[in-house]
Every structure is written in structure tokens, then in C-alpha cells.
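Chain residues, written in single-letter form:
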Amino acid sequence: MSGGRPTVVRVAVPVPLHGLFDYAPPVDGNPPSPGARVVVPFGRRRLVGVVIERADSTTFDPDRLKPVLQVLDDALLDREHLDLLRWTTRYYASPPGELVTHALPVALRRPEPFRRAGPAWLHLTDAGRAVDLARAPRQAEVVEALTDGPQRRDALQAAGHPADALRRMLEQGRIETCDAPAREPVPGPTLNPEQRVAVAAVLAARHRFEAFVLAGVTGSGKTEVYLQAARALVRRGRQVLLLLPEIGLTPQLVRRVEARLGFAAHVYHSGLSDGERVATWEAAHSGEARVLIGTRSAVFLPLRNPGLIVVDEEHDSSFKQFDGMRYHGRDVAVLRASRLGIPIVLGSATPSLESLQNVHDGRYRLLDLPRRAGGAVMPRWRIEDLRGATRREGLTEALVERIRRRLEAGEQVLVYRNRRGFAPVLMCDECGWQADCSRCSAHLTWHRQAARLSCHHCGQQRPVPPRCPECDSPRLAAAGSGTERIEHALNERFPDVPVLRVDRDSMRGRDEFEQLLEQVGRGDPCILVGTQMLAKGHHLPGIGLAVVLDADTSLFSADFRAPERLAQTVFQVAGRAGRRDPGEFVLQTRHPEHALVQAMAAGSYLKLAELLRAERAAAELPPAWSLAMVRAEAQSADRARAFLARVAGTVGSNEVRLAGPLPALLQRRAGHWRYQLWLMAPERAPIQRTVARLLDTIPADRDAARVRWHVDVDPLEL
Ligand code: ADP
Ligand code: ZN
Ligand code: ZN
């Protein structure tokens, strides 16, 4: 090898192939270091990749290696960041190319040098104040917007000031970039003893890794704990990363962080423009961003001087990515904190069994906030027995009365139903025909307002038939009720009160939901009807009564996680009630004697979760056991099943237990039959070894190209 100079650079390239690619150093320069952003030739394309390592030799003919075309940023990713990304792609059995996708925002994945953006804030210069802009109305509007003080550049653009006007004014010296203006931080409440213990525990761990599960009912002051710990660490010059399950929760938290800490928080999620995302990425990388707030993907932001990671609503399955690299944002966050040697706080009113298993095993520490902060009390629970009760469109008379009393007392009501649309089934009263999806093993949902039948799995849409296609009867009827039907029924019963539906059909944009929350926040009596969107951590202080309608399908689901999910939903919905005044919670069921219903009614999520965890452990299921699955989909059921049977045959080790091929819970979707092979073991290591071996052997299967297959490590969906 020539003079000890490395001859090969190994590059992760964003293509769906397993493996790194070897390149020669650039023709006229030094070999780039690990973490460098480079442009490489790939087939006929030029792609942006990340250098993973340098090496002295290659298994290819070194003379035929193509050189790196361009080094865009040398050593852009530091060692910690690169190691995290490598570990994650390996653990989740995804191609190393995914590493590039998660390491870099879109703007940095284009084969162009990247122009660094200045600080995100702009203010007026003296020149800008003095200049006469009568003939430049767009600039005059910018001056107007900045007279009261600096503004964020992205906020100005969002308010309609064009980017080129801003750029011109910067060039002309009429405006300048500046630091975020410091504001007087608003003092927080005096912490109660449990909150103080929690903050002290987190801060005591500030120079080492420790994982805390902060369990506290809604309104117990978890966010206050994050804020106080964050403030103490930010003052010491450290960065704080706050992860949330969904975009909709970010504005509330951003406002609270900014008010309490007195400076701007940086936001990172898929709702931002490419430019906004790269600006946050840069600010994280340079250390300028002191508090970063984002969804799942923010766990991969570069951090200059990290001090704390917080995962709020850690039980939420939105932290798991369902395609591409199937990682779990919470689990990656814990791994990252452990490698960084910093504390991490996993907060939830309903912690996941995974986190509680780690508490049980002594790896994480439980911090409990058992009561509501500021004197609010927990709602009263009531189980409504549906046996023998007459229901009209999902509502019993007793429930309607209860709602009426709350509204008359000037309160708001929340009704949860886990089904969109008017009815989950349209059926014929004469012959029992049901409208099914032709491509999925599922019923079509009747959306009455939109006058269509729609498949919630594949998106197929059909007009509503006027008569039964089997027997020609006109007597087609709705079976069961979704949110649209309940909204309709409540509107009929309470014509003078606004009934606000919150689901993916009614809330199309982010702004719509924010506006609705604002309206509800004003406190006038109203009824909220909605799906999962309502069970997340939104602050709704005026709710006096919360209801979970018809929880029974979850009681008898084949999914071993169904009881946990139901318990989490029920406790989350119950937690929306009576944050200000004593409230009330109603759970409807036809099985009041069911053990899970009884355990929920006893009122302690943590006690119930402990029972569920022990049950899972006894059944040798996650989280006590480790699970990975190989999934396969094909146009014929036999092909998918046979493929997985052959995969099972190649495992050939007795260190993992195999189950399957088993049909997926939704056996057919969009015309494809879906099967899965489970790999289970009490430890992770044997699963990891087996998965690594399978990734080598499966591509050689004779049907590997005709079957859609992937590996899911720690899957959440069956
Ligand atoms: P969580 O995140 O657990 O839902 P929050 O931190 O949002 O709880 O607190 C709920 C409400 O109680 C907020 O309005 C918060 O300002 C208030 N609060 C929190 N801690 C205290 C405290 N120690 N004393 C008084 N009010 C508090
Ligand atoms: Zn019929
Ligand atoms: Zn379908």
C-alpha cells in the first residue's frame, strides 16, 4: 500500500442494499475522514453518502475502484453520532443506506455544497429604520414587522414575507441576523415534594447515564419536572433534547419552554420545510440550539454538548417507525443517552410495559408523581354496564343524562371512540350481506357525510350501493357506530351545544386542530367526539366528563398487546377529565366482570400494568422475552407461507424459538396475503445473531424477489 495512506473509504450510500460501498480517495485530495459527507458515483447517478471508515484494503480490484467525486463536509458527523447511526441500522436490520437518510436532513442529501444559514433571527439596522421605502412596499412591510423587535426568519416567511426580499435587505444592510432575543423567564410554580425528588434525581445523574421512568397521572406536573431539570442543565451550557410522539403536541410545549426558559426552542419534525429542518439540524450541530423539541426522527440530531434527553408520552406507539428503518425512537434515545453518559427521562401517565420491565429488572428507576399538582383531584370512575341497556346510535339514556348535567353546569365533555366514519359495517337487514373490501380481509367503513364506503387499510373507495348486491333489498343499515355517527347523535340530542369531532377525517391540517384546541381552551360548554387524537397529551382544562364508548372489542383481541393498549387509552382519556374541578369518567362495557375491566376500575395504572407485565412474562412474550419477526407478503397465500417456511428451515439453531409462519392479524391487505415468522428468545443477543444470518441467506431464496419481505425487530404490530 502506498506510504500508509489509506486506499479505500467505505461509504454508506442511500440505496436499499445491505452493505457499505468501497471507493478510492478523491483524485486530487486526501481521503475523507469518517463522518464526512461525500458525493460518490453510483451506477449512473451521483449520490450523497456518509463515510463510515477508512481501510487499507478492499475485496474488490483496487485499480477499478471509482474515486469519491467530492468531499462536501469532512468529518461532519462526530464519532458518537456515527456510532449511534451504525448501531441503529444494525440492530433494526436495515440497510446502511438508511443511515444516510436518518443522519442528514433532505437539504443535506443533495449533491451540492451546503450554504450555512446564519442565526435564524433578524432585526432592523439603523439604515433599515432610516431608509425611505415608499417605492418598495414588500421591504416596507418587513420593516413594519420588525419595528417591535427581532423575529425569526422562518416566522417572517410564514407570515408571507418573501425570502428574496429578506435576502436583498440583508445584502443592503437594512436588516441583520442576530441572536434570539432573551426574554424575562416566567417563574414556575413551587415544586411539590415528589417533583423535587424527581428533579434532584435527574440532576444528580447529570454526569452519567441513568434512565428514569417518570410516571405521573395527567396533570401531576411531569412537564414541570422536565422544565426545571432542563433549565438547570441549560444554564450549565448543556443541550436538552425533548421528544414527543406527534407534531400536534409541539406548539404547546414550545410555548411553555420558551416562556419558562426565556429563549427560543428549536423544533424538528416532518411538518417543517427542508430549509427549516436544516436550520435546526445546523443549530443542534453547532451547539447554538440549547433546547431541541421534535418527533421521533429528532433522536438522530447531532448534539454538540448534550446534557439530558426527555421522551414525553413514552408509551405512544408513534415512536416506532412502521416502514424503512423500523426503529423505536424511545429505545434509540435510551441507547444514545447511555453512550453519551447522560440521564434520560421517560415520562408518561401510562408507562409502556417495556419501560416497566426495565424498572423491574433494575435497569431503569421509577419516579412516581402519585397526585395531581396544584390541588386538582382525580376523576370519579364509573363502569356503565351495557347489558340490557338500550342504545340509540351508541348512546344510552343514562349517558345522555350525565352529559346533559355536565353541560348545564357549564362544563365540557369528551367522548372517545376508536373508530372513524359513520359505521364500521354496512349490512343488509334481509340476507346479512356485509360490504367488504375486495383487496383486504376487512369490512369497508361507511362514511355517510362523504357518501362513500372506504377501506381504512388500503384506501379503496366505493359509492354506497342503493340496494343489497346479493338480494336486492333496499334495507341496508349501519352496524355499530363510529365518530361520525356519534357526532350526529349528539347533535340531535344537544342542538344548542357545539359538537366538535376530532379525527383524521375532520382535522385535515395542523392548524385546524390548533384552532380547535384554542376554541376549546376558552372553556365554553361543548362536546368533543374523537379518536386517538383526543387521548394524547393535550391540555383541556374544562373537561368535566370523559367517556370511553364500547371498549369491548379490545377485551377479546388476538393481539397480545391489546390489554395494555386499552388500559393506556382508558387511563389517558380518564386523565382528561376534571383537571380543574373534580370530574367524572365513564367506561362502557358489556363485560363489567372481566378481569381487565375490574383491574382498571380499581384505578391504579401502575398496579394494573404490573399484572399485565407478569402475565406477559409468564407467557414468555415481550417485554420479558425478545421478539423479532420476518414478514412476508405475496399475491398468493401459499407463496408467502412457503417462503417463510423455508426461512424457518434455514434458522437451524436452537438458541431462538420459532413460531409460524402465522397469518398476520390483517391477513390480506391491498391484494397481498401477509404472513409472519416469529423469532423469540429470553435475551436479545441470539435474536440479533439469527437476524444477521437471515439477512445474508434470505436474498438467495428462489422467491426472494417475488415476495415482499422484511425483518422487524421489537415489532409492535402483529
Ligand atoms: P403533566 O405534564 O404531568 O400533565 P404539567 O406539568 O403540565 O403536568 O402540570 C399540570 C398543571 O399543573 C400545569 O398547569 C402546571 O403549571 C401546574 N403545576 C405543575 N406543578 C405544579 C406545582 N408544583 N404547583 C402548582 N401547580 C403546578
Ligand atoms: Zn341482502
Ligand atoms: Zn382494503
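None of the values given here were measured: they were computed from a predicted structure.

Visitor: Help me understand the nonpolar core, please; the structure alone is not making it clear to me.
Guide: For soluble globular proteins, the rule of thumb is that nonpolar side chains tend to be buried together. Core analysis: the biggest nonpolar cluster contains 74 residues, and Leu77, Leu104 and Ile344 have the highest contact counts within it. With 7 residues, the top contributor of residues to this core is helix H20 (residues 637-651). In this structure, Ile344 is in contact with Phe209, Glu210, Ala211, Phe212, Ile309, Val311, Ala333, Val334 and Ala337, ignoring residues within four places of it in sequence. If you look at the next biggest cluster of nonpolar residues, it comprises 39 residues, including Tyr416, Val502, Ala546 and Leu596.

Visitor: Before we go on, may I ask you to explain the domain arrangement of the chain in this structure?
Guide: Buried accessible area, meaning the area lost when the parts come together, often serves as the stated size of an interface. Each domain of the chain was delimited in the assignment, giving domain 1 (8-109), domain 2 (121-178), domain 3 (193-374), domain 4 (376-423 + 480-614) and domain 5 (626-713). Centre-to-centre separation of domain 2 and domain 5, based on C-alpha positions: 58 Å.

Visitor: Would you explain the coordination of the zinc ion (ligand 3) in this entry?
Guide: For a metal bound by four donors in a tetrahedral arrangement, the ideal donor-metal-donor angle is 109.5 degrees, while six donors in an octahedral arrangement ideally sit at 90 or 180 degrees. Note on the zinc ion (ligand 3): its protein donors are Cys437 (SG), Cys440 (SG), Cys455 (SG) and Cys458 (SG). The metal-donor distances range over 2.2 to 2.3 Å. Given 4 donor atoms and angles of 106 to 112 degrees at the metal, the environment of the zinc ion (ligand 3) is assigned as tetrahedral. Every donor residue of the zinc ion (ligand 3) comes from the same chain, spaced as C-x2-C-x14-C-x2-C. For the pair Cys437 and Cys440, one class covers both residues: buried.

Visitor: What am I meant to see in unusual backbone geometry here?
Guide: What you tend to see is this: most non-glycine residues have negative phi, and most peptide bonds are trans. At the junction of Pro622 and Pro623, the peptide bond is cis and its omega measures out at 5 degrees in the coordinates. In this chain, Gly660 is followed by Pro661 through a cis amide linkage whose omega measures 0 degrees. Looking at the element boundaries, Pro661 is found in strand E30 (residues 657-669). With a phi angle near 55 degrees, Glu313 is a residue other than glycine that sits in the positive phi range. With phi around 50 degrees, Ala451 is a residue other than glycine that occupies positive phi space. Its location among the elements puts Ala451 in the loop between strand E21 (445-447) and strand E22 (452-454). Look at Ala451 and you get partly exposed, because its relative accessible area is 48%.

Visitor: Looking at this structure, I do not really get the coordination of the zinc ion (ligand 2). What am I missing?
Guide: At 2.3 to 2.4 Å from the zinc ion (ligand 2) lie its protein donor atoms, namely Cys428 (SG), Cys431 (SG), Cys468 (SG) and Cys471 (SG). Geometry at the zinc ion (ligand 2) is tetrahedral, judged from the 4 donor atoms that bind it and their angles of 104 to 113 degrees at the metal. Residue Cys431 is classed as partly exposed on the basis of its relative accessible area, which comes to 41%.

Visitor: How should I be thinking about the pattern of salt bridges in this particular structure?
Guide: Side-chain pairing between opposite charges can occur once the charged atoms of the two side chains come close. The tally for this structure, following the rule as stated, stands at 54 salt bridges. Across the pair Arg37 and Asp73 runs a salt bridge, and its minimum N-O distance is 2.6 Å. Of this pair, Arg37 sits in strand E3 (residues 37-42) while Asp73 sits in strand E5 (residues 70-73), placing them 36 residues apart in sequence. Pair check on accessibility: Arg37 and Asp73 agree, each one buried. Glu393 is the salt-bridge partner of Arg485, the closest N and O atoms lying 2.8 Å from each other. On the criterion of sequence distance, the pair formed by Arg485 in helix H14 (residues 483-493) and Glu393 in the loop between strand E17 (391-392) and strand E18 (395-396) is long-range, its members being 92 residues apart. In this structure Glu393 comes out as partly exposed when scored by relative accessible area, which is 23%.

What counts and how
Residues numbered from 1 in each chain as written. Chains lettered and ligands numbered in written order. Predicted model: local features only at pLDDT ≥ 70, side-chain atom pairs only at ≥ 80, totals over all residues. Heavy atoms only, no water. Core = buried A, V, L, I, M, F, W, Y, C linked by side-chain atoms within 4.5 Å. Buried < 20%, exposed > 50% of the residue type's maximum accessible area, 1.4 Å probe, protein only. Helix = DSSP H or I, 4+ residues; strand = E, 2+ residues; numbered from the N terminus. Contact = heavy atoms within 4.5 Å. Domains from an automatic or database assignment. Donors = N, O, S within 2.8 Å, 3.2 Å for Na, K, Ca; no water. Tetrahedral: all angles 85-135°; square planar, octahedral: opposite > 155°, others 65-115°. Salt bridge = Lys/Arg side-chain N within 4 Å of Asp/Glu carboxyl O.

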